[in-house]
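Chain by chain, the residues:
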Amino acid sequence: QVQLVESGGGLVQAGGSLRLSCATSGNTFSIDYMGWYRQAPGKQRDLVAAIRPGGSTNYADSVKGRFTISRDNAKNTVYLQMNILKPEDTAVYYCNRAAWPQYGWGQGTQVTVSS
């Protein structure tokens, strides 16, 4: 069974940085197209960054230039470096496949950005 465990969230002031990690197990991580999603209260879950097995990346316009997604295939882990954080980045962040079908969702990690 695939497990996704997100970590690294927290409370940070606007302009600050956080680095999220997602440890995976039970999947074929090295060939998975992986992504980071976020869900703010009352809103749908949106994909904000994605990385292909070969390392090419895509970003939502709202985070482009501020967030960087990366992966370590040896550790079955995907990361999200978040810089210049804004209050509107406040959400629960999840990792999963960036394309259907996704795995079961992990618990996510809360990111709160204060103004």
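Above this note sits the structure.
Here the structure is a predicted model, which is why all the values come from computation and not from measurement.

## A word on the layout of surface pockets
Gaps between atoms show up when a probe of the same size as a water molecule is rolled over them. Size it by volume and the largest pocket reaches roughly 180 Å³. The wall of the largest pocket is formed by 13 residues, among which Arg 38, Ala 40, Lys 43, Asp 46 and Glu 88 lie closest to the centre. Those elements that provide at least two residues to the lining of the largest pocket are strand S4 (34–39) and strand S5 (46–51). In terms of residues, the lining of the largest pocket owes the most to one element, S5, which gives three residues. Looking at the lining of the largest pocket residue by residue, the classes come out as five nonpolar, four polar and four charged.

## Regarding the pairing of strand S1 (residues 3–7)
Within a regular strand, the side chains alternate between the two sheet faces. Across the two faces of S1 the burial differs, with Leu 4 and Glu 6 buried and Gln 3, Val 5 and Ser 7 not buried at all. Sheet analysis places S1 next to strand S3 (residues 18–25), joined by five bridges and oriented antiparallel. Considered in S3, the bridge of Leu 4 is made with Thr 24.

## A look at the pattern of salt bridges
A side chain of one charge can pair with a side chain of the opposite charge when the charged atoms of the two come close. A complete count under the given rule lists four salt bridges for this structure. A salt bridge links Lys 64 to Asp 61, with the shortest nitrogen-to-oxygen separation between them at 3.2 Å. As far as the burial class goes, Lys 64 and Asp 61 line up, both exposed. Among the salt bridges present, the one from Arg 66 reaches Asp 89, with a minimum N-O distance of 2.7 Å. In this pair, Arg 66 is assigned in the loop between strand S6 (57–59) and strand S7 (67–72) and Asp 89 in the loop between strand S8 (77–82) and strand S9 (91–97), connecting sequence segments 23 residues apart.

## Side note on the packing of aromatic side chains
As enumerated under the stated definition, the model contains two aromatic pairs in all. On the basis of an interplanar angle of 80 degrees and a centroid distance of 5.8 Å, the ring pair of Tyr 94 and Trp 105 is categorised as edge-to-face. Here the residue Tyr 94 occupies a position in strand S9, and Trp 105 occupies one in the loop between S9 and strand S10 (109–114), the gap between them amounting to eleven residues. Classification of Tyr 94 by relative accessible area gives buried; the value is 11%. Taken together, the aromatic side chains of Tyr 37, Tyr 94 and Trp 105 make up a single cluster linked through ring pairs.

Criteria and cut-off values
- Residues numbered from 1 in each chain as written.
- Predicted model: local features only at pLDDT ≥ 70, side-chain atom pairs only at ≥ 80, totals over all residues.
- Heavy atoms only, no water.
- 1 Å grid on protein atoms, 1.4 Å probe; cavity = no way out; pocket = protein on both sides within 12 Å on 5 of 7 lines; lining within 4 Å.
- Points joined across faces, edges and corners; volume = space filled by probe spheres on them.
- Helix = DSSP H or I, 4+ residues; strand = E, 2+ residues; numbered from the N terminus.
- Nonpolar A, V, L, I, M, F, W, Y, C, P; charged D, E, K, R; others polar.
- Buried < 20%, exposed > 50% of the residue type's maximum accessible area, 1.4 Å probe, protein only.
- Pairing = 2+ DSSP bridges.
- Salt bridge = Lys/Arg side-chain N within 4 Å of Asp/Glu carboxyl O.
- Phe/Tyr/Trp six-rings, centres within 6.5 Å; stacked < 30°, edge-to-face > 60°.

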